[in-house]
Amino acid sequence: MVKGRLWFFSQFLVLNLAATFSSLKFSRDDFPPDFIFGSGTSAYQVEGAAFQDGRTPSIWDTFAHADYSFFCQRNIRPSTSVNEEVFSFKVLSSSSSVCSFSFCLSVRYSVMVGLQRLSHGATGDIACDQYHKYKTCLPMEDVKFMVETGLEAYRFSISWSRLIPNGRGPVNPKGLTYYNNLINELINHGTQPHVSLFHCDTPQALEDEYEGWISQRIVKNFTEYANVCFREFGDRVLYWSTINEGNVFALGGYDMVMTPHQRCSPPFGNCPKGNSSTEPYISGHHILLAHASAAKLYREKYQEKQHGFVGANVYGYWFVPLTNKAEDTIATQKPMISFLVGEFVDALVFGDYPDIVKKRAGMRIPYFTEDEAKQVKGSFDFIGINHYFSIYIKNNPMKLNMDNRNFAADAAVDMIAITDDDPAPDQLPVLPWGLQQLMEYFKQVDGNPPIYIHENGQKTKRNTTLNDTGRVKYLKGYIGALLNAIRNGSNAKGYFSWSFLDVLQLLGGLESGYGLS
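Criteria and thresholds
- Residues numbered from 1 in each chain as written.
- Predicted model: local features only at pLDDT ≥ 70, side-chain atom pairs only at ≥ 80, totals over all residues.
- Heavy atoms only, no water.
- Pairing = 2+ DSSP bridges.
- Helix = DSSP H or I, 4+ residues; strand = E, 2+ residues; numbered from the N terminus.
- Axes fitted to C-alpha atoms, helices over the stretch in contact; angles between N-to-C directions.
- Disulfide = S-S within 2.5 Å.
- Buried < 20%, exposed > 50% of the residue type's maximum accessible area, 1.4 Å probe, protein only.
- Phe/Tyr/Trp six-rings, centres within 6.5 Å; stacked < 30°, edge-to-face > 60°.
- Left-handed = near helix turned anticlockwise from the far one by under 90°.
- Contact = heavy atoms within 4.5 Å.
- Nonpolar A, V, L, I, M, F, W, Y, C, P; charged D, E, K, R; others polar.
- Salt bridge = Lys/Arg side-chain N within 4 Å of Asp/Glu carboxyl O.
- Expected span 1.5 Å × (residues − 1).
- Bend = angle between axes of the 7 residues up to and from the residue.
- Core = buried A, V, L, I, M, F, W, Y, C linked by side-chain atoms within 4.5 Å.
- pLDDT = per-residue confidence, 0-100.

## Regarding the sheet that holds strand E15 (residues 451-455)
Part 1: Strand order in this closed barrel of eight strands is E1-E6-E7-E8-E10-E12-E15-E17, and the pairing throughout is parallel. Ignoring strand direction, the axes of neighbouring strands in this sheet form an average angle of 25 degrees.
Part 2: Where strand E7 (residues 192-198) lies against strand E8 (residues 239-243), four bridges are found, and the strand directions are parallel. Paired with serine 196 across the strands is serine 241, a residue of E8.

Here's what the structure looks like:
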């Protein structure tokens, strides 16, 4: 496995990172016939009706209503070979908890410096109101738009607390009816449903009862919830992903506090509760066990009859050494990939965490029992990747000298923003070569598994001109990069833009949008 990584980087680090995709003339016919084009959303971001028809709060409701704020300070270091931008980042809640971080890359691309609110006061109480409008909106407008733009699939998530309000126990009949109707409307209009079981929205009831994902009790409850979904919807839904961005959900919620949970600890932050040193690893471990348990259930009880597929989803940056120095190259090829991608994907492919992760985390990361390792290994029919941009990596071994380390300190690197040659305000950089290299990495190191790009898209400021050339450039570049990867042998099965509608964003609320419509 390590040898494969070293071979891969020895090949790809010689690429010209300024390469452009000049031959970007392609059509649907250039992709394999079974390749799927779609777009996606998630439950809390579009459904609304947050307190109606039996739905109970999720941790995302609590997070949004807490009205978190952050302070981002940009520091430019012109002495480096690139404009190195390092950020200090603090999140503040109404209860005066403060969490500090060494970077805030997502904020950097929003050009938000100073005191800002994470969601700008917006919540998912109403959102796009899809819960009420699916029957009048999806058939007449949105599904028609899907067909006209060549979208063949719609990826959405199910709200656990709408379907099973207490997180376990009785099923909410009105929630069941809603999802049955939504799935039927999609199928009636020739649109293939792809369903994510979980998107940052643990039922608050389970969080209150046993603190959610840091308790192994959630594995059983998640599997029971998955069973209801497979049983009730699996005759029409053939593509299931279990937990969206499990790697970022664990890190963002239990250390960085950029996703729901708001847990951290000094010296990395001053949250009401949490442990930044251990909980990202513990929650990540339980996420993997829950995924594997649900996948096992599907394969043993439903797959033969329903003929569907179950997969895992991770957030995938691509990482580039800041300099040509060996220390930056090594830091990129081993610690960074291993910590932010390999911790999850290596467990899924090989049945264990990367050696460097286990060595640096030590007793802070749980280990798999022999039975758990067998269950986790190969527990996917595909891997979903969410990818938006790439990041420079600079070696920082001084972090390993800290007496109390968190996940970021264990990686012992600095993450530094990459800009493109023509940066647009309020938009992400267009770096499509990063996606192609990420796909090549999975091909060379992880056995070329079937991969769906589950999220990829360009943000725009809302209520601005419809001259959408920035988004056209972004999508054209990344779809072209994926086509190049396919031609080079990558096993890509589909591409989903984020997002189908202008949804409530986790970072930014309603200030920016990614929607195609």
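From this point, things continue past the structure.
## Re the state of the cysteines
Cysteine pairs can be covalently joined through their sulfur atoms, and such a bond is termed a disulfide.
Part 1: By the definition in use, this model includes one disulfide.
Part 2: With a sulfur-sulfur separation of 1.9 Å, cysteine 264 is cross-linked through a disulfide to cysteine 271. Since a negative S-S torsion denotes a left-handed disulfide, the cysteine 264-cysteine 271 link at about 95 degrees is right-handed. Residues cysteine 264 and cysteine 271 agree in their burial class; the two are buried.

## Focus on the pairing of strand E13 (residues 390-395)
Part 1: The sheet contact formed by strand E11 (residues 318-321) and E13 spans four bridges and is parallel. By the bridge assignment for E13, tryptophan 318 is matched with serine 390.
Part 2: Of the strand pairs in this sheet, E13 and strand E14 (residues 413-417) are connected by five bridges, and their pairing is antiparallel. From the neighbouring strand, asparagine 395 faces E14, where its bridge partner is valine 413.

## Details of the packing of aromatic side chains
Between two aromatic rings, the relevant description is the distance of the centres plus the angle of the planes.
Part 1: Scanning the model with the defined rule gives 33 aromatic pairs in all.
Part 2: Grouping aromatic residues by their ring pairs yields a cluster made of Trp160, Phe198, Trp213, Phe222, Tyr225 and Phe249.

## Here's the deal with the packing of helix H10 (residues 246-256) against helix H11 (residues 279-306)
Part 1: The geometry of H10 relative to H11 is characterised by a closest axis approach of 8 Å and an angle of 145 degrees between their N-to-C directions. The two elements H10 and H11 cross, and the hand of that crossing is right-handed. Residue-level contacts link Gly246, Phe249, Ala250, Leu251, Tyr254 and Asp255 of H10 to Glu279, Pro280, Ser283, Gly284 and Ile287 of H11.
Part 2: Classifying every residue of the contact of H10 with H11 by side-chain character gives six nonpolar, three polar and two charged.

## Overview of the pattern of salt bridges
Part 1: Counted according to the given criterion, the structure contains 23 salt bridges.
Part 2: A salt bridge links lysine 358 to aspartate 352; the shortest N-O distance between them is 2.6 Å.
Part 3: Here aspartate 355 ties to lysine 358 by a salt bridge, and the two come within 3.8 Å at their closest N and O atoms. Here lysine 358 and aspartate 355 lie together in helix H13 (residues 355-361), a separation of three residues that amounts to about one turn.
Part 4: We classify aspartate 355 as exposed; its relative accessible area is 56%.
Part 5: Residues joined in a network through salt bridges with shared partners are Glu211, Arg263, Lys273 and Glu279.

## As for the sheet that holds E13
Part 1: A sheet is described by the order of its strands in space; here three strands give the open sequence E11-E13-E14, paired in mixed fashion. In this open sheet, the two edge strands, each paired with only one partner strand, are E11 and E14. With strand direction ignored, the average angle separating the axes of adjacent strands in the sheet is 40 degrees.
Part 2: Packing of helix H12 (residues 326-350) onto the sheet brings it into contact with E11, E13 and E14, and relative to E11 it is tilted by some 160 degrees.
Part 3: Along the sheet, helix H16 (residues 432-445) makes contact with E11 and E13, crossing E11 at roughly 100 degrees.

## Comments concerning the pairing of E15
Successive side chains on a regular strand alternate, one facing one side of the sheet and the next facing the other.
Part 1: Extensive coverage of E15 is indicated by the burial of five of its five residues.
Part 2: Where strand E12 (residues 382-386) lies against E15, four bridges are found, and the strand directions are parallel. Among the inter-strand pairings, isoleucine 383 is bridged to a residue of E15, identified as isoleucine 451.
Part 3: Bridge count for E15 against strand E17 (residues 492-498) is three bridges, and the pairing is parallel. Following the sheet pairing, isoleucine 453 is matched in E17 by tyrosine 495.

## Considering H12
Part 1: Look at H12: only 28 Å from first C-alpha to last across 25 residues, short of the 36 Å you get at 1.5 Å a residue.
Part 2: The sharpest bend along H12 measures roughly 75 degrees and falls at glycine 342.
Part 3: Of all 25 residues that make up H12, 20 are buried, and the element is covered over most of its length.
Part 4: In the segment just after H12, glycine 351 is the residue with positive phi, at about 85 degrees.

## Focus: the nonpolar core
Part 1: Core analysis: the biggest nonpolar cluster contains 128 residues, and Ile158, Trp213, Phe222, Phe233, Trp240 and Phe319 have the highest contact counts within it.
Part 2: Of all hydrophobic cores here, the second largest spans six residues; its members include Ile36, Tyr239, Phe382 and Phe496.

## A few points about the confidence of the model for the protein chain
Part 1: Across the protein chain, pLDDT averages 82, with 77% of residues at or above 70.
Part 2: Long-range and interchain partners of residues 70-117, a stretch whose pLDDT sits below 50, account for 139 contacts in this model, where long-range means more than four residues apart.

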